[in-house]
Number of protein chains: 2
Amino acid sequence: MGAKTKGTDAERELVHLLWAQDWAASRVAGSGSIKYPVPDILAGKDKRLLAIECKITKSDSQYLTKEEVADLKKYAAITGAEPYIAVRFAREDWRFLGPDDLDVTPTQFVVTKTCALRHGKLLAELITAPKGI
Amino acid sequence: MGAKTKGTDAERELVHLLWAQDWAASRVAGSGSIKYPVPDILAGKDKRLLAIECKITKSDSQYLTKEEVADLKKYAAITGAEPYIAVRFAREDWRFLGPDDLDVTPTQFVVTKTCALRHGKLLAELITAPKGI
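Now for a quick tour of the structure.

Procedures and definitions
- Within every chain, residues take consecutive numbers counted from 1 along the sequence as written.
- All chains are assigned letters beginning at A, and all ligands numbers beginning at 1, according to the order in which they are written.
- Only residues with pLDDT of 70 or above have their local features reported here, since the model is predicted, and side-chain atom pairs are shown and tallied only from 80 upward, although totals for entire chains, interfaces and linings are computed over all residues.
- To get the side-chain values, all heavy atoms of the structure are used, and hydrogens and water are removed first.
- Helix and strand labels come from DSSP, where a helix needs a run of H or I of at least four residues and a strand needs a run of E of at least two; each type is numbered from the N terminus.
- A side-chain nitrogen of Lys or Arg and a carboxyl oxygen of Asp or Glu constitute a salt bridge if their distance falls within 4 Å.
- Exposure is judged per residue with a 1.4 Å probe applied to protein chains only, and the accessible area is read against the type maximum: over 50% gives exposed, under 20% gives buried, and values in between give partly exposed.
- For the least-squares superposition of copies, only C-alpha atoms count, and only for residues with pLDDT at least 70 in both.
- Residues are treated as being in contact if the distance between any of their heavy atoms lies within 4.5 Å.
- Buried area: the accessible surface (1.4 Å probe) lost by two parts on joining, summed over both.
- Pairs of N or O atoms within 3.5 Å make up the polar contacts considered here, provided that, within protein, one atom can donate a hydrogen while the other can accept it, and that residues adjacent in sequence are counted only when both atoms are side-chain atoms.
- Each residue gets one of three labels, nonpolar for Ala, Val, Leu, Ile, Met, Phe, Trp, Tyr, Cys and Pro, charged for Asp, Glu, Lys and Arg, and polar for the others, Gly among them.

Things to note about unusual backbone geometry
Residues and elements named next belong to chain B.
Here is step 1: Notably, Asp 22 is not glycine yet its phi reads approximately 70°, a positive angle.
Here is step 2: Positionally, Asp 22 belongs in the loop between α1 (3–20) and β1 (24–27).
Here is step 3: Residue Arg 91 is not a glycine yet carries a positive backbone phi of 60°.
Here is step 4: Its place among the elements puts Arg 91 in the loop between β5 (82–89) and β6 (95–97).

A short note on the pattern of salt bridges
Here is step 1: Scanning the model with the defined rule gives 12 salt bridges over all chains in all.
Here is step 2: When the shortest N-O distance is used, the salt bridge between Arg 48 of chain A and Glu 82 of chain A registers 2.8 Å. With Arg 48 of chain A in strand β3 (residues 48–57) and Glu 82 of chain A in strand β5 (residues 82–89), the pair connects residues that are 34 residues apart, well separated along the chain. Each member of the pair Arg 48 of chain A and Glu 82 of chain A is classed as buried.
Here is step 3: Salt-bridge contacts for Lys 73 of chain B lead to Asp 100 of chain B; the nearest nitrogen and oxygen are separated by 3.7 Å.

Considerations on the relation of the copies chain A and chain B
Here is step 1: Under the fitted operation, chain A is carried onto chain B by 0.0 Å of movement along the axis and a turn of 180°, and the coordinates agree to an RMSD of 0.0 Å. This pairing of chains is accounted for by a two-fold axis.
Here is step 2: In this assembly, 100% of the residues forming the interface of chain A have copies in chain B that are likewise at the interface, indicating an isologous arrangement.

Quick notes on the interface of chain A and chain B
When the parts of a complex come together, some accessible area is lost, and that lost area is often taken as the interface size.
Here is step 1: If you look at the interface, chain A gives 25 residues, while chain B gives 25 residues.
Here is step 2: Taking both partners together, chain A and chain B bury about 2,000 Å²; carbon and sulfur atoms supply 66% of that area.
Here is step 3: The largest per-residue losses of area from chain A upon contact with chain B belong to Trp 19, Tyr 36 and Ile 78 of chain A, which jointly make up 29% of the total buried on that side.
Here is step 4: Between chain A and chain B we count zero salt bridges in total.
Here is step 5: Inspection of the chain A/chain B interface yields eight residue pairs in polar contact (both at pLDDT 80 or more).
Here is step 6: Looking at the side of chain A that touches chain B, the elements with two or more residues in it are α1 (3–20), β1 (24–27), β2 (41–45) and α2 (66–79) of chain A.
Here is step 7: If you tally residues by element for the side of chain A that touches chain B, the top one is β1 of chain A, at four residues.
Here is step 8: Of the residues belonging to the side of chain A that touches chain B, the class tally is 13 nonpolar, five polar and seven charged.

So this is what it looks like as structure tokens:
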């Protein structure tokens, strides 16, 4: 299975999980290939909007390019959406981190499994926490 | 050119027009084919979110199914987005109508060109008008 298919399947999985919690979630067409700074998933409920960059990995670290993170922050700044990186490591639940929760290397950003499990929100926490808390 | 390609091209055109006005717009992957009530386009700016069903036609009337309109209203009710039907008739600019601006037939909804030009907002009006006014 190619990286693109794997990514799309991960996005679909997260969209289903969000709808199961009564959030209106959808994948963004062309995210990663169009010229605009759009996230992978948009999820809304009761005037909260989540902009989500979605990653799944079998490794113990998930890298993100500086552009991916900058685009996510730009989208959030325009719209007022809450920016999140959703990461799922093997045999773990989805974890949600803000752009400022990421570690930075000289060339990119990284989420380690340890960091995600320690600092990342679970879906249940993400969708109950009001914005800014 | 098939109906699906024509629809996708129309959606892309509207996405570009929205970005040109500094709105963060994107097409929704799988709208029209997935089981969830999602619109064709989502556009956000400064905490306003527009949920847009997008239609282009060479005819003088554009029909929408009752399900399309019900889904748009359902999405808006969950998220707090403003629901709009965007219609472009041949040689006219895009016009934006709310679900309650549509005419109803026994089996579906319809936007006539006359109605759209008379009651539909232009893009410039749509994006400057605060919600509810």
